[in-house]
Amino acid sequence: VTIKYKTIKEIKKMISQKEISNKEIVQEVYKLINENSHLNAFVTLNEENSLKQADNLDNNPSEMALAGIPIAQKDLFCTKGLRTTCGSKILDNFIPPYSATVIENLENAGCISVGKTNMDEFAMGSSNETSYFGNVHNPWGDKLVPGGSSGGSASAVAAGIVPAASGTDTGGSIRQPASLCGITGLKPTYGRVSRWGMIAFASSLDQAGPMARTVEDCALLLNEMCSHDIKDTTSLDEDIPNFENDLNQSLKGKKIGVVKDLDLSSLDNDVVSVYEDSLNEFVSLGAELKDISLPNLALSVPTYYVVAPAECSSNLSRFDGVKFGRRSENPKDLEELFCRILRCLL
Amino acid sequence: LNDVDTSDIEPLTNPLEKTAKTRDDQVTAQNLKQELLEIAPSSNEDYFLVPRVVE
C-alpha cells in the first residue's frame, strides 16, 4: 500500500476503507520527501506536528472534507509557529504569529500541512532558480526547470510526494509550473480566495489556488480555500458554488474560443502538437471551436510590467529589518540598516 | 504602451469593480503586541528598536 502518485480522492478512499492509517500516510510522505531530496522542493518540514495530528485522527476518525490528507503549503503563506521564508534570506528566521486564511481554511477541513515548499524569492521568477534555498528541480528530468514561482509545490505533487499543494499566482505562478510539471492547477477569480496572511507581491493580481494531480482534486481543494474574509477588503462577498458539481457536465453545445493572435512558431513542435491535440480532444467531447481575435493581447505583458513592479516596490518596503526578519549586523545608522537589507535582495 | 489610444477607456480603480465595503467598528482580532515584539530583531517591552536616528 502506498500513497505515492495517489490523488486526494484515492487517499480518502484508502483511509475510509482502513487500508492505511493516517500515521502511515504521514510517515510515507516524509520517506518520499527524503527519497526526493534532490528535487529541493521543501524548505521547512512540519514533521512532529503532522505525526501528532495523524495520531489524533487515527484515534478520532473524522468525516471532514480533507481529513488526514497531506498537503504541502507554498512558503509564501504565513503558518503560525512554522517558519515562513518566501524563498528569501531576509525571512530565514521568520516564525509568523498567525496563519493565512487559506491555511486556516484548509486545516479546518482536516488537512495536514506537512511542510513548506520552495519558491522563487518573493514569488518573482518563473523557473525556481532565484530562491535563497537553491534551485528546485523538475521530477521529469534533471535538466528541466519546474517553472515558478510555485515550483516547489508543482515538483512535490508531480513527484507523487503529496497529492496536492497550495500555490499562488500573480502572473502565472500556479499555471506555468503546473504545466511544466504535468499536473493541474488554476488561478481562481480575483477575490474568491482571501489574501490575508499571504506575503504580498502585486496585491491587485495576487491570488492563491490549488495544485493537484486532477481537476477533481483541484475542485475539492478550491471548495475549502474560498471564503469571504473581512480581513481582506478585496475578498468577494458572493455565494461560493460547489466546484465539484459541474465536473462531469457534457461539453456538447459549448463554444471554445481559439485565439488566433497567438504566435505558435516560436514553440517546440512537441508543445504545438500537445496544444493541437487538446483542441481535437475538446471537439471529440462535443465542443465547438470558434476562432477569435484578442487584438490587445500584445499589450498584456508590457502592462503587467508596469502594474506588478509598481505594486511590489510598495509591498516589499515592509522588509526593512525593523519589525521582523533579518537585520544587517551592527548598522551604524538607520540608513545603513535599510540599504544593507536592500542589497541583500539584489 | 505610450502609443495606445486610451482616450475612451475608463480608468480601472479596483480589479473587482466593486466599492470597498464598510463594517461595524468592532474589535475582531486579539492584540498580538507581545508576539509581534518578540519576533522583531530588536525591541524592548513596548517598542521596536532601531539605530539612533537623531544625534
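Structure: above.
Because the structure is a prediction, the values reported are computed rather than measured.

*Asks:* For this particular structure, what's the right way to read the layout of surface pockets?
*Replies:* Over the atoms, a rolling probe the size of a water molecule traces out where space has been left empty. Residue and element names in this part refer to chain A. For the largest pocket, the calculated volume is near 1,200 Å³. Forming the walls of the largest pocket are 28 residues, and the residues nearest its centre are Gly-172, Arg-175, Gln-176, Ser-179 and Leu-180. Looking at the lining of the largest pocket element by element, the count peaks at 7 residues for helix H9 (residues 300-315). Residue composition of the lining of the largest pocket, by class: 16 nonpolar, 11 polar and 1 charged. Here the second largest pocket is characterised by a volume of approximately 790 Å³.

*Asks:* How should I be thinking about the side chain of Ser-99 of chain A in this particular structure?
*Replies:* Residues and elements named next belong to chain A. Structurally, Ser-99 is set in the loop between strand E2 (70-74) and helix H4 (101-108). Residue classification places Ser-99 among the buried residues on the basis of a relative accessible area of 11%. A polar atom in the side chain of Ser-99 sits 2.8 Å from the backbone nitrogen of Lys-80. Those residues in contact with Ser-99 that lie beyond four places of it in its chain are Cys-78, Thr-79, Lys-80, Glu-104 and Trp-196.

*Asks:* It is not clear to me how the pairing of strand E7 (residues 255-259) of chain A should be interpreted in this structure. Could you clarify?
*Replies:* Regular strands place their side chains on alternate faces of the sheet. Pairing geometry for E7 of chain A and strand E8 (residues 288-292) of chain A, over 5 bridges, is parallel. Counterpart to Ile-256 of chain A in the pairing with E8 of chain A is Leu-289 of chain A.

*Asks:* Looking at this model, I keep getting lost on the packing of aromatic side chains. Mind explaining?
*Replies:* Pairs of aromatic rings are described using the distance from one ring centre to the other and the angle between the two planes. Residue and element names in this part refer to chain A. For the structure on display, the rule yields 6 aromatic pairs over all chains. Seen from their ring centres, Phe-122 and Phe-319 are 4.6 Å apart, and the 35° between their planes marks the pair as tilted. Of this pair, Phe-122 sits in the loop between strand E3 (112-117) and helix H5 (151-158) while Phe-319 sits in the loop between H9 and helix H10 (334-345), and the two are 197 residues apart along the sequence. No difference in accessibility class separates Phe-122 from Phe-319, as the two residues are buried.

*Asks:* Quick question: what am I supposed to make of the nonpolar core here?
*Replies:* Soluble globular proteins tend to pack their nonpolar side chains together in the buried interior. Within the largest apolar cluster, 72 residues are counted, with the highest numbers of intra-cluster contacts made by Leu-66, Leu-91, Ile-161, Val-162 and Leu-221 of chain A. Look past the residues within four positions of Ile-161 of chain A in its chain and what remains in contact with it is Ile-3, Val-29, Leu-32, Ile-33, Asn-36, Phe-42 and Ala-156 of chain A.

*Asks:* Whenever I open this one, the interface of chain B and chain A confuses me. Can you help?
*Replies:* Accessible area lost upon the coming together of the parts serves often as the stated size of an interface. Contact with chain B, which involves 21 residues of that partner, is made by 27 residues of chain A. Taking both sides of the interface into account, the surface hidden between chain B and chain A amounts to around 1,800 Å²; carbon and sulfur atoms contribute 75%. Remark: the boundary between chain B and chain A carries 0 salt bridges. Linking chain B with chain A are 1 residue pair in polar contact (both at pLDDT 80 or more).

Reading the values: rules and limits
Residues numbered from 1 in each chain as written. Chains lettered and ligands numbered in written order. Predicted model: local features only at pLDDT ≥ 70, side-chain atom pairs only at ≥ 80, totals over all residues. Heavy atoms only, no water. 1 Å grid on protein atoms, 1.4 Å probe; cavity = no way out; pocket = protein on both sides within 12 Å on 5 of 7 lines; lining within 4 Å. Points joined across faces, edges and corners; volume = space filled by probe spheres on them. Helix = DSSP H or I, 4+ residues; strand = E, 2+ residues; numbered from the N terminus. Nonpolar A, V, L, I, M, F, W, Y, C, P; charged D, E, K, R; others polar. Buried < 20%, exposed > 50% of the residue type's maximum accessible area, 1.4 Å probe, protein only. Polar contact = N/O pair within 3.5 Å; in protein donor to acceptor, adjacent residues only side chain to side chain. Contact = heavy atoms within 4.5 Å. Pairing = 2+ DSSP bridges. Phe/Tyr/Trp six-rings, centres within 6.5 Å; stacked < 30°, edge-to-face > 60°. Core = buried A, V, L, I, M, F, W, Y, C linked by side-chain atoms within 4.5 Å. Buried area = accessible area lost by both parts, 1.4 Å probe. Salt bridge = Lys/Arg side-chain N within 4 Å of Asp/Glu carboxyl O.

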